[in-house]
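Here's the letter readout for the chains.
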Amino acid sequence: MYSASLTAGSKSVGIKLGSASSGSEHYTVAGASLQYFALDNLAVGAAYEYWFSGNPTISKASLQSTYYIPFTAQIKPYVGVLYSHYFVEDRSDIDAYGYRLGVAYIKSPMILSAGIKQERYTSNRPVYFDQDPKLEFMVGFSF
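Residues numbered from 1 in each chain as written. Predicted model: local features only at pLDDT ≥ 70, side-chain atom pairs only at ≥ 80, totals over all residues. Heavy atoms only, no water.

## Some thoughts on unusual backbone geometry
So the rule is basically this: By definition, any uninterrupted DSSP run of H or I lasting at least four residues is a helix, any uninterrupted run of E lasting at least two residues is a strand, and each is numbered from the N terminus.
Note that the residue after asparagine 55, namely proline 56, is joined by a cis bond; omega there is 5°. Tracing the chain through its elements places proline 56 in the loop between strand S3 (42-52) and strand S4 (58-68). Here serine 108 and proline 109 are connected by a cis peptide whose omega angle stands at 10°. Looking at where proline 109 falls in the secondary structure, it is placed in the loop between strand S6 (94-107) and strand S7 (110-121). Even without glycine at this site, asparagine 41 takes up a positive phi of about 70°. Here asparagine 41 shows up in the loop between strand S2 (25-39) and S3.

## Digging into the side chain of serine 33
Stated precisely, the cut-off is as follows: Should any heavy atoms of two residues lie within 4.5 Å, those residues are counted as being in contact.
Residue placement: serine 33 occurs in strand S2. Filtering out sequence-adjacent residues up to four positions away, serine 33 remains in contact with Ser12, Val13, Gly14, Ala46, Ala47, Gln64 and Met138.

## Here's the deal with empty space enclosed by the protein
This is how it is decided: The method works on a 1 Å grid over the protein atoms by themselves. A cavity is a set of points holding a 1.4 Å probe that cannot get out, a pocket is an open set with protein on both sides within 12 Å along at least five of seven lines, and residues with an atom within 4 Å of a point line them. Grid points are joined across faces, edges and corners, and a volume is the space filled by probe spheres set on the points.
All chains considered together, the criterion is met by 1 cavity of 30 Å³ or more. Its volume calculated, the largest cavity comes out at about 280 Å³. Around the largest cavity, the lining is made up of 26 residues, and of these Ser33, Gln64, Arg100, Glu136 and Met138 lie nearest the centre. At the level of elements, strand S1 (11-22), S2, S3, S4, strand S5 (75-88), S7 and strand S8 (134-142) are the ones that each hand at least two residues to the lining of the largest cavity.

## A look at the sheet that holds S8
This is how the line gets drawn: Strand pairing is defined by DSSP finding a minimum of two bridges between the two strands. Axis definition: a line fitted to C-alpha atoms, limited for helices to the stretch in contact. Angles are taken between N-to-C directions and run from 0 to 180 degrees.
If you walk around this closed barrel you meet the 8 strands as S1-S2-S3-S4-S5-S6-S7-S8, and the pairing is antiparallel. Taking each pair of neighbouring strands and ignoring which way they run, the sheet shows an average axis angle of 25°. Looking at chain direction, S4 and S5 are connected through 11 bridges and run antiparallel. Across the sheet, tyrosine 67 pairs through a bridge with valine 79, a residue of S5.

## Looking at the side chain of lysine 60
The cut-off we apply is this: Here's how the labels work: a residue is buried when its accessible area is under 20% of the maximum for its type, exposed when over 50%, partly exposed in between, all with a 1.4 Å probe on protein chains only. Whenever a nitrogen or oxygen atom comes within 3.5 Å of another N or O atom, the pair is scored as a polar contact, on the condition that within protein one atom can donate a hydrogen and the other can accept it, and that pairs from neighbouring residues in sequence are kept only if both atoms are in side chains.
When you line up the elements, lysine 60 lands in strand S4. Note on lysine 60: relative accessible area 3%, which makes it buried. At 3.4 Å, the side chain of lysine 60 and the side chain of glutamate 119 are in polar contact.

Keep in mind that these numbers describe shape and distance, not what the molecule does.
In structure tokens:
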């Protein structure tokens, strides 16, 4: 049985709530994403995050592509690439590129995913962020 959630022409919207660190600062992170399935199991999209409760305030916009590996109708490992631009209050902006690996549980129209994400920064200026892999969790809905 094939999941209609990941077919060409489908879209999904996701929400994110979590935490992140930058040096000694700890942030609460809220975000949203939108994906479009250009081909079966291949999504391209954009995401936005707002980091608050730390100093400085940070916003992050990302472009990403994710491929969901057909495993079972409901369980799909995924691999993806991303480009991010960090808007840092009172400091220079930072660009980054990275990857995502994880597994998604599909119960149409709901998509739950958990995995790791790692980014590398393109600037040779002092880096404000830890570049170690981070856990990520997402709740999404396809339409």
